[in-house]
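Each chain, letter by letter, is given below.
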Amino acid sequence: MLVTDLMISLFRLLLIGIAFFTASHLAVRGAVGAELELGGVSTVEPPVAEDLASPQVDSDPWADSFLPTPGRPAAVRIEPVQRPPAVPLVSTPASPQRVSTYQIQQNDHVLRFLGQFQTGYRRAVVERWLTRSGRYLPMALDVFRQKGLPEELVFTAMIESGFDPVAVSNAGAKGLWQFMAPTARQYGLRVDRWLDERLDPEKATVAAANYLSDLYKIFGSWDLVQAAYNAGEMKVLRAIQGTGTRDFWSLTGTRFLRDETKNFVPAIHAVTIIGQEPEQYGFTVRPDEPLSYEQITVPKATSLKHVASLSGIPLEELIRLNSELRLKQTPPDSPYHLKVPRGSAPALQAGLDREVEARKAAMASRTGDRGKRKVQAAERVTAGVHIVQPRDTIGGIAKRYGVSVQQLSRWNDLEHGARIFPGDRLRVAAVARQVDSEQGGFR
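Residues numbered from 1 in each chain as written. Predicted model: local features only at pLDDT ≥ 70, side-chain atom pairs only at ≥ 80, totals over all residues. Heavy atoms only, no water.

## Considering the pattern of salt bridges
To keep things clear, this is the line we draw: Salt bridges, as used here, are contacts in which a Lys or Arg side-chain nitrogen is within 4 Å of a carboxyl oxygen on Asp or Glu. When accessible area is computed with a 1.4 Å probe and restricted to protein chains, residues below 20% of their type maximum are described as buried, those above 50% as exposed, and intermediate ones as partly exposed.
If you walk through the whole model with that rule in mind, you get twelve salt bridges. The shortest N-O distance in the salt bridge between R145 and E151 comes to 2.9 Å. Judged by relative accessible area, which is 8%, R145 ranks as buried. The salt bridge involving R258 is made with E260; its shortest N-O contact spans 3.7 Å. The buried category is assigned to E260, whose relative accessible area is 18%. When salt bridges with common partners are traced through the structure, they connect K174, D196 and R198 into a single cluster.

## Here's the deal with the nonpolar core
Stated formally: Here, nonpolar core refers to any group of buried Ala, Val, Leu, Ile, Met, Phe, Trp, Tyr and Cys residues whose side-chain atoms link them within 4.5 Å. Numbering of helices and strands runs from the N terminus, with a helix taken as a DSSP run of H or I at least four residues long and a strand as a DSSP run of E at least two residues long. Note on contacts: a residue pair is in contact if any heavy atoms of the two residues lie within 4.5 Å.
Counting 65 residues, the largest nonpolar core has F117, F144, W177 and F179 as its most contacted members. Per-element accounting of this core gives the leading share, eleven residues, to helix α3 (residues 120–146). Not counting residues up to four positions away in its chain, the partners in contact with F144 are L149, P150, L153, V154, W177, T205, A209 and L212. Core analysis: the second largest hydrophobic core is formed by 16 residues, L195, Y336, L338 and L348 among them.

## Looking at the side chain of E151
Just so we agree on the cut-off: Pairs of N or O atoms are called polar contacts if they sit within 3.5 Å, as long as, within protein, a hydrogen donor faces a hydrogen acceptor (for residues adjacent in sequence, only side-chain-to-side-chain pairs).
Inspection of the secondary structure puts E151 in the loop between α3 and α4 (156–161). Side chain to side chain, E151 and R145 meet in a polar contact 2.9 Å long.

## Overview of the packing of aromatic side chains
Heads up, the condition is: The aromatic pairing rule takes the rings of Phe, Tyr and Trp, using the six-membered ring of Trp, and pairs them if the centres are within 6.5 Å, calling planes under 30 degrees apart stacked, those over 60 edge-to-face and the rest tilted.
Per the counting criterion, the structure on display carries ten aromatic pairs. Consider the rings of F179 and Y211, whose centres lie 6.3 Å apart with planes at 35°: the pair is tilted. Taken together, the residues span a long stretch of sequence, with F179 in the loop between α4 and α5 (181–186) and Y211 in helix α6 (residues 201–219) at a distance of 32 residues. Looking at F179, the relative accessible area reads 3%, which means it is buried.

## Points about the packing of helix α7 (residues 222–231) against helix α8 (residues 233–243)
Selection criterion: Axes, fitted as lines to C-alpha atoms, cover a helix only where it is in contact. Angles between the N-to-C directions of the axes lie from 0 to 180 degrees. Here the word oblique covers every angle except those under 35 degrees (roughly parallel), over 145 (roughly antiparallel) and from 65 to 115 (roughly perpendicular). In this count, Pro and Cys sit with the nonpolar residues alongside Ala, Val, Leu, Ile, Met, Phe, Trp and Tyr, while Asp, Glu, Lys and Arg are called charged and the others, Gly among them, polar.
One can describe the packing of α7 onto α8 by two numbers: an axis separation of 7 Å at closest approach and a directional angle of 125°. Considering the angle they form, α7 stands oblique to α8. Contact with α7, carried on its side by L224, A227, A228 and A231, involves E233, K235, V236 and I240 of α8 and no other residues of that element. Classifying every residue of the contact of α7 with α8 gives six nonpolar, no polar and two charged.

## A few points about the environment of W222
Along the chain, W222 turns up in helix α7. When its relative accessible area of 5% is taken as the criterion, W222 is described as buried. Taking the C-alpha atoms as reference points, W222 and V265, 43 residues apart in sequence, are found 9.5 Å from one another. Only 3.5 Å separates the side chain of W222 from the backbone oxygen of T101, close enough to count as a polar contact.

## Quick word on α3
Stated precisely, the cut-off is as follows: Expected helix span is taken as 1.5 Å per residue step, with the number of steps being one fewer than the number of residues. Bend angle per residue: angle between axes fitted to the 7 residues ending at that residue and the 7 residues starting there.
An ideal rise of 1.5 Å per residue puts 39 Å on 27 residues; α3 measures up with 38 Å between its terminal C-alpha atoms. The sharpest bend along α3 comes to roughly 55°, located at G134, with the proline P138 sitting one to four residues further on. Positive backbone phi, at 75°, marks G148, one or two positions downstream of α3.

Structure (structure tokens):
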């Protein structure tokens, strides 16, 4: 009997061991071998009521870019190398107060994405990202340098949105930096029925730089910062508390982070490596011209269609430059700094000036009409005398000057039922009261 119980116990332990081994084996394959599916990658979401007036999202299939490749993936061998410190992406004076350097890793996680980004249809997607980055990279680098942030952090936007300023995720994150509305408002972006400044590339970049700076104060590691940017601060803090480690790469081997977050950070490292030296990885890219515009102040509640008619700027260009205007008009609460193509501000200013002059002329005309009527009324009362006009009656004149018919008749020696004629001059109450007080009145 004892032998039988012992054998049953050993059999149970064997089954438990097999179960644990299978689970851990599948977990390793899921974390290391699975293709990337990033939540920050943008997709076209179905329109909802509050977003009916939002700009249309480009049709780049971000999520599809990381689905498993049909058939056997091409073998790509990339030897880890010791890289010198990254050179500035654009030559400008160094930031006076740099927060910390950004260490680019070339571990197995990063090398896997580096290989994927160079092969198959993903290569075309990355080329599209690199091409489009030319519009916004100089601006983003300038903002990050002013904040003292590592320049390499700008490539976070490449994995977040592919440098698409009007990208929208299934979760409702928007813009170049894929802000959710509450976080956007927390960092100074206006999000309401009139404006969604998550879609303003420059304002969103400033907000993202401030957010990344705050995250670094919490975590002290740029890898953890980027993980928190994807997953949220609390999830990363719980992962650190649950494991006792503050090393992101160690956290990737645990269950505390989602695969999306585990893949997010190495994907950024991979595109940073490619973005700094695309030719070395076989990418021949001609970046788009940097976004260039100037701003002009327009009145509140000004429609973009009206601006286009005043200036001759194509409406589509105005919409593209001011994609944060949800209803394609400026907010009704204050004048607005509108972005227009460089060199077009004088034409728009001239159109606005013509409108202002036309409004002034119309107002002056209305004011002149009112003034003329006042003069005409004043001419009727000269030294306390009312000049009778056609259709005037004694009762109407008395009411006009706030006196009784008896007073008006007495001051002007009018008998009961007397008639008055146009051109007659009648004394009125103002004179009567003045004379009453000073000379005893008329008799």
